[in-house]
Structures are given as C-alpha cells and as structure tokens.
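The lines below spell out each chain.
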Amino acid sequence: MVIESLRVPVVAAPMAGGPSTPELVAAVSAAGGFGQLAAGYLGTEAVAAQIAATRERIPGPFGVNLFAPGPVADPASYAGYLAELGIEFPLGTPRHDTDGWADKLDLLIEEPVAVVSTTFGCPTAVEVDRLHAVGSEVWVTVTSPAEAAIALDAGADALIAQGAEAGGHRACFLDDPADDPIDPLGLLALLQLLTATTDRPIVAAGGIATGAAVAAVLAAGARAAQVGTALLRCPEAGTNAVHRGAIGSTEPTMLTRAFTGRRARGIRNRFLIDHTPGTPAAYPEIHYATSPLRADGRAAGNPDQVNLWAGQAHSLSTEQPARELVTALWSDAKSSLRRALSD
C-alpha cells in the first residue's frame, strides 16, 4: 500500500477551490510525504491537465480527490435565504450538479493514479472494483463509525478519519441540520472508535498543525497524518491572497453553512456571524449562488465576505516552503514520540 511505502507519514489534504496545486503535491512528495490533487469544482479537462502537470514534476505516487454527488435540494428550502442575501450581495444562479463524478471516474480509469480518495460519500462497490482493476487504491473520508462501515463494505483500502477540528467542508455522507445538536466527533475520539473495529489503514485529519500532533495521531493508531490548513501559507499552495492573509491570525473558527449550504469550518468573520443561524442545507446550490459575492470579496480584499476555510489550529500555521514544513513536522514528531517514551 502507498501508506506503507512513505518515508514520511504525512499526507497533503486535497483542498478544492485553488489551494491544491501540482507544485504543492510535488513539494510534499519531495519531502517523503504523499500529495493529493483536488478535483472538486474543476472540469474533467482541467483535472487531466493537473494530473499531467503533476506527473511532469514527480516520478512517484500521488492521489486525486473526488467529491461524491449528493441529493438535490428543494428550491423552496433555500429561496428565502438567497432572497435575504440578494438584498446586500450579488448572487449567481443556484443549481445542482454531480461535480462531474462519472466523467472524472472515467478519466481516472483511463489515466490511473496511485490513490483515488473521496469526500462527501463513498463509491459503490462496482466503482471501487473499477479503480482497483487499474491499480488505484481507494481512500474514503469518513466522520463516524457508521460511515466507515459503509466504506469498508464497498471495499475501501483506507479510511481518512476527519475529526471535527478540520477546516473546510465536513465530509459527512449526509449533511442533515437535524444532526447539528449532536456533537461531531473530534479526531482522537474518532480514531479510537475506528481502530477498535477495523485494522484497515487510517489517515488522521483535523487540526494537525505541529509535529506533536502528528505524533499523537500515530500513537492513537493512524498510519499517517493528513494536513491541510498547515499548508495554506506555503508558496506552492494556490491560496488566494485574502484567505492566505487570514490564516495564522488569532481569530477562532466556527462551523457554518452560510457560504455553500454544506457545513464547513472557517475563520469567523462578519458574514458567518450574520448568516450562519438558520442557513439551510442545500449544497452545491448555495455554493453556486454565493460564488459572485465571494469573488467580489476576494477582488476587494475584504475578508468579511470570503469563505476562510481553516482548521481549529490555524493560528499555529507558518509561512515556509512545503518541503521544509513536512520535513519539520516529521522531525518534530519523532522528537515528540521520544520524549513521550522517555523515563
């Protein structure tokens, strides 16, 4: 398996919307870790171009992440919310799509990569078999033991355990507001629950910003640590300027559906404070509708109008090349483990 062959058990999270780039994947790979491209929001041709660009930069393995399609939302459920936003902001047309799931799967059958990971759901057993047939491993992002059981039944080779600390969208298979009163599982609790029920490899994700955190998840049974927010300030990342400027501040994060209609963790700003309460679950419909207002915020350099996705430990992030960051994380992790085991 890919995880077993890594010199450094650090995986770069696939961050859709710009941050994940071939350059970032290559830099993480050069440090001995494992990088992933984010296919979310990209057309199939753009994904193919990114795969080709990554292959030009590294000879080794890398992954591609796909967004699993979800249910169509009832327009009546979000019409009032968008009408409210439209009084103050420019909006686009809400629409539902599958993010090109079938076409992107076909591409990855024709142009296989080492790992195909998924977010927001699980491939069917037939789809997993297709990917296995061309030599790809399938990693499924899960947030609960119930989701893990579905992924394992489908034939997933590894689980990416996403704790509540993670930045960006919650990877839940179903985003139901009725579940909001239930505390989402933190990473350490989720790792304990998953390792108690499966020996399949687990990649730990959520709030990992230091070598000590890498050491902690390895000690808890993960085979590798996945980092995302920690990479956002690296020069190889395609993070937009407004987002990059907000990462590393002391501002806390919060969970919201305000920008996209799907629960996500971002740095608290005026838009989240004003519009999070009562936001309906309607993804990607609201995502497309708010695209113009987010673009306006980026163009104006206004952080109060941009989705500043970040994990809970974002204030610990640093601005340094990704290769140096991954190398330092692993060095510090080994030091942390030695300290923990010393008398």
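Please refer to the structure higher up on the page.
Residues numbered from 1 in each chain as written. Predicted model: local features only at pLDDT ≥ 70, side-chain atom pairs only at ≥ 80, totals over all residues. Heavy atoms only, no water.

Draft legend 1. View of the overall build of the chain. Assigned secondary structure in the chain consists of 14 helices and 11 strands. For 343 residues, the compact-globule estimate of 2.2 N^0.38 gives 20 Å, and the chain sits close to it at 19 Å. Seen through its C-alpha atoms, the chain measures out along the principal axes to roughly 60 × 45 × 40 Å. A fraction of 68% describes how many contacts in the chain between residues 6 or more apart in sequence connect residues 24 or more apart. Only carbon and sulfur atoms are counted for the fraction: they give 54% of the accessible area of the chain, which is about 13,800 Å². For the chain, the separation between the mean place of its 23 positive charges and that of its 36 negative charges on side chains is 7 Å. (Helix = DSSP H or I, 4+ residues; strand = E, 2+ residues; numbered from the N terminus. Rg over C-alpha atoms; globule rule 2.2 N^0.38 Å. Contact = heavy atoms within 4.5 Å. Areas by Shrake-Rupley, 256 points an atom, 1.4 Å probe, with all protein chains shown as cover. Lys, Arg positive; Asp, Glu negative; His and termini not counted. Charge placed at Lys NZ, Arg CZ, Asp CG, Glu CD.)

Draft legend 2. Main features of the nonpolar core. Ranked by internal contacts, the top residues of the largest apolar core, which has 72 residues, are I51, V64, L191, I208 and L231. Top contributing element to this core by residue count: helix α14 (residues 322–341), with 6 residues. Discounting chain neighbours no more than four positions away, the residues touching V64 are L37, A39, V47, I51, L108, V113, V115, V116 and S117. In terms of nonpolar packing, the next biggest core, distinct from the first, is built from 16 residues, L85, A258, F259 and L293 among them. (Core = buried A, V, L, I, M, F, W, Y, C linked by side-chain atoms within 4.5 Å. Buried < 20%, exposed > 50% of the residue type's maximum accessible area, 1.4 Å probe, protein only.)

Draft legend 3. Broad picture of the packing of aromatic side chains. Following the criterion strictly, the structure yields 7 aromatic pairs and no others. Judged by centre distance (4.3 Å) and plane angle (20°), the ring pair of F259 and F271 falls under stacked. Taken as a pair, F259 in the loop between β10 (253–256) and β11 (264–267) and F271 in helix α11 (residues 270–275) lie far apart in primary sequence, 12 residues in all. Residue classification places F259 among the buried residues on the basis of a relative accessible area of 0%. F271 gets classed as buried once you look at its relative accessible area, which sits at 2%. (Phe/Tyr/Trp six-rings, centres within 6.5 Å; stacked < 30°, edge-to-face > 60°.)

Draft legend 4. Representation of the side chain of T119. As for its position among the elements, T119 is in strand β4 (residues 115–119). When near neighbours in sequence (up to four residues on either side) are disregarded, T119 contacts N65, L66, F67, A68, T141 and A171.

Draft legend 5. Fine view of helix α5 (residues 101–110). Here α5 has its buried residues at W101, K104, L105, L107 and L108. End-on view of α5: buried residues confined to an arc of 155°, all on one side of the axis. Elements that come into contact with the buried residues of α5 comprise α3 (44–57), β3 (63–67), β4 and α6 (125–133). (Arc of directions from axis to C-beta.)

Draft legend 6. Structural detail: the pairing of strand β5 (residues 137–142). With respect to burial, β5 is a largely interior element, 6 of its 6 residues being buried. Relative to β5, β4 is paired through 4 bridges, and the arrangement is parallel. Note on β5: the bridge partner recorded for T118 is V140. With α6 bridging β4 and the parallel β5, this β-α-β connection has right-handed handedness. Note: β5 against strand β6 (residues 158–162), 4 bridges, orientation parallel. (Pairing = 2+ DSSP bridges. Right-handed = clockwise from strand over helix to strand, strands pointing away.)

Draft legend 7. Highlighting the sheet that holds strand β7 (residues 168–169). One open sheet holds the 3 strands; their spatial order is β7-β11-β10, and the pairing between them is antiparallel. Each edge of the sheet is formed by a strand with only one pairing partner; in this case those strands are β7 and β10. As paired strands, β10 and β11 are joined by 4 bridges and run antiparallel to one another. Paired with L255 across the bridge in β11 is R265.

Draft legend 8. Representation of the sheet that holds β4. Reading across the sheet, the 8 strands line up as β1-β9-β8-β6-β5-β4-β3-β2 and stay open at both edges, with parallel pairing between neighbours. Looking at strand neighbours, the two that pair on one side only are β1 (10–12) and β2 (36–38), the edges of this open sheet. Shown here is a sheet whose adjacent strand axes are inclined to one another by a mean of 25°, direction ignored. Where β6 meets strand β8 (residues 202–205), 4 bridges bridge the pair, whose relative direction is parallel. Paired with Q162 across the strands is A205, a residue of β8. Across the sheet, helix α7 (residues 145–154) is in contact with β5 and β6; its angle to β5 comes to roughly 165°. (Axes fitted to C-alpha atoms, helices over the stretch in contact; angles between N-to-C directions.)

Draft legend 9. Looking closely at the pattern of salt bridges. Counting across every chain of the model gives 11 salt bridges. Between D180 and R257 there is a salt bridge, with its nearest N and O atoms 2.8 Å apart. Of the two residues, D180 sits in the loop between β7 and α8 (187–195) while R257 sits in the loop between β10 and β11, which places them 77 residues apart along the sequence. When its relative accessible area of 6% is taken as the criterion, R257 is described as buried. (Salt bridge = Lys/Arg side-chain N within 4 Å of Asp/Glu carboxyl O.)

Draft legend 10. Region of interest: the environment of I58. Tracing the backbone through its elements, the reader meets I58 in the loop between α3 and β3. Here I58 falls in the buried class, since its relative accessible area comes to 8%. Each C-alpha atom, one on I58 and one on E23, is 9.6 Å from the other, the two residues being 35 residues apart in sequence. Once you skip the residues sitting within four places of it in the chain, I58 turns out to touch V25, A26 and S29.

Draft legend 11. Broad picture of the environment of G238. Within the fold, G238 resides in the loop between β9 (224–227) and α10 (241–246). Along the sequence, G238 and M15 sit 223 residues apart, while their C-alpha atoms lie 9.6 Å from each other. Those residues in contact with G238 that lie beyond four places of it in its chain are G18, P19 and T21.

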